[in-house]
Amino acid sequence: MQSSLKVTAAPLLQRLQQGLARPPVELVQAPNLRWPFHANHNRNTLRIAILDSSFNPPTLAHLALANAARPTFDKHKPNHEAAEEDYDAKLLLLSVKNVDKTLKPGDATYIQRLEMMELLAKHIRHHPPVTTTRTNSETGAPNVAIAIIDEPTFIGKSQVLLEFLRRRFQSLSTSSEDGGSSTEPPEIELTFLVGKDTLERLFAPRYYASESFMVASLRKFMAPAPYGDNSRVVCAHRVSTSTIINPSAAEAEEAQARRTVKLAQEFVDNGRIAMIEIGDKLSRYSSSAVRGAIHAVGIDDRDGREAVWKSLVSKDVAQYITDSRLYVNNL
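An unreviewed UniProt entry lists the protein chain under the name Nicotinamide-nucleotide adenylyltransferase, with Panaeolus cyanescens given as the organism.

Below you can see the structure in the form of structure tokens.
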């Protein structure tokens, strides 16, 4: 039996890949018709957390990042005040165009990834205090949506999402029961939730025309409105295991990390990038570790013992992978 998400997502994915979506993003699933906007939103800024990943598959590290409280970007603000400024909405975002990754034999298809994202979304929560501005007022469910996008870079994704959300606000205002509204759209603040590897790619000059162009692009990406896109980045520290496996690789990784820190320091100092902890154990979890373990050892439990890879994902995602026989032939 097809899931409802599969039925919804298939034509949207096809439309996106054919270049028919303008801007190139499709909202696959949302908790309510007005997501992420609410009539009772009482702040000038709408804060949306974006977890953008390949989700191949989603792991408990993804979940920890999605569930992390909004950090204190302002170092002078008390923690209890920051806790009252949690994200208003969250978005799980899958890109069908990635600068480093392409679909390989044995990988989960985009539809399968979306179905696993749907399972992941069920475990995403909001931090107290929970108000109607952060939940679906009808069901009480967290304000989490799922979307697909045809844009490989974070800078491009920010621009595409902002255009999409502004058009969506205008459309929702025009179609409201009162025959239209003159209400001004809220200022939108997108916060991209990333791991250490992704942050390093964001500050890697090889993805830009030059290092000076990279810095200029990132300044516009993270500058407050109206001078820039008003986006932020939250990065989870990641514990490296390269030292044990490959000492020379560890040295290269540390050198890259130092370069990233140096380039990113301006944005950390300006309160546009924040580093968070999700725990040493979770920081070691990765999608590639799941795929590698299944390919090397097998997907099924043995001798009454649960397969090790299952400890890296939620139980429902583990069941989905088992039922679908994913990654067994992954190369």
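Some details on the overall build of the protein chain
A tally of regular secondary structure across the protein chain gives twelve helices and seven strands. Taking all 331 residues of the protein chain together, 50% fall into the buried category. Look at the contacts in the protein chain between residues 6 or more apart in sequence, and 78% of them connect residues 24 or more apart. As presented, the protein chain carries roughly 16,800 Å² of accessible surface, and 52% of it is formed by carbon and sulfur atoms.

Thoughts on helix H7 (residues 211–222)
Compared with an ideal rise of 1.5 Å per residue, which puts twelve residues at 16 Å, H7 spans 16 Å between its outermost C-alpha atoms and is within 8% of the ideal. By the burial criterion, the buried members of H7 are Met214, Ser217, Leu218, Phe221 and Met222. One face of H7 carries all of its buried residues, which in axial projection span an arc of 120 degrees.

Quick notes on the packing of helix H5 (residues 154–174) against H7
Where H5 meets H7, the axes come as close as 10 Å, and the angle between the chain directions of the two elements is 35 degrees. The handedness of the crossing between H5 and H7 comes out as left-handed. Touching Phe154, Ile155, Ser158 and Gln159 of H5 are Ser217, Leu218, Lys220 and Phe221, all from H7. Per-class residue counts for the contact of H5 with H7 are four nonpolar, three polar and one charged.

Quick look at unusual backbone geometry
Note that the residue after Arg22, namely Pro23, is joined by a cis bond; omega there is 0 degrees. Considering the arrangement of structural elements, one finds Pro23 in the loop between helix H1 (4–17) and strand E1 (25–29). Cis geometry marks the peptide bond from Trp35 to Pro36, where omega comes out at -5 degrees. Position of Pro36 among the secondary structure elements: in the loop between E1 and strand E2 (45–52). Even without a glycine there, the phi angle at Asn230 is positive, about 65 degrees. Mapped onto the secondary structure, Asn230 falls in the loop between H7 and strand E6 (232–236). Asn230 gets classed as buried once you look at its relative accessible area, which sits at 7%.

What counts, and where the lines are drawn
Residues numbered from 1 in each chain as written. Predicted model: local features only at pLDDT ≥ 70, side-chain atom pairs only at ≥ 80, totals over all residues. Heavy atoms only, no water. Helix = DSSP H or I, 4+ residues; strand = E, 2+ residues; numbered from the N terminus. Buried < 20%, exposed > 50% of the residue type's maximum accessible area, 1.4 Å probe, protein only. Contact = heavy atoms within 4.5 Å. Areas by Shrake-Rupley, 256 points an atom, 1.4 Å probe, with all protein chains shown as cover. Expected span 1.5 Å × (residues − 1). Arc of directions from axis to C-beta. Axes fitted to C-alpha atoms, helices over the stretch in contact; angles between N-to-C directions. Left-handed = near helix turned anticlockwise from the far one by under 90°. Nonpolar A, V, L, I, M, F, W, Y, C, P; charged D, E, K, R; others polar.

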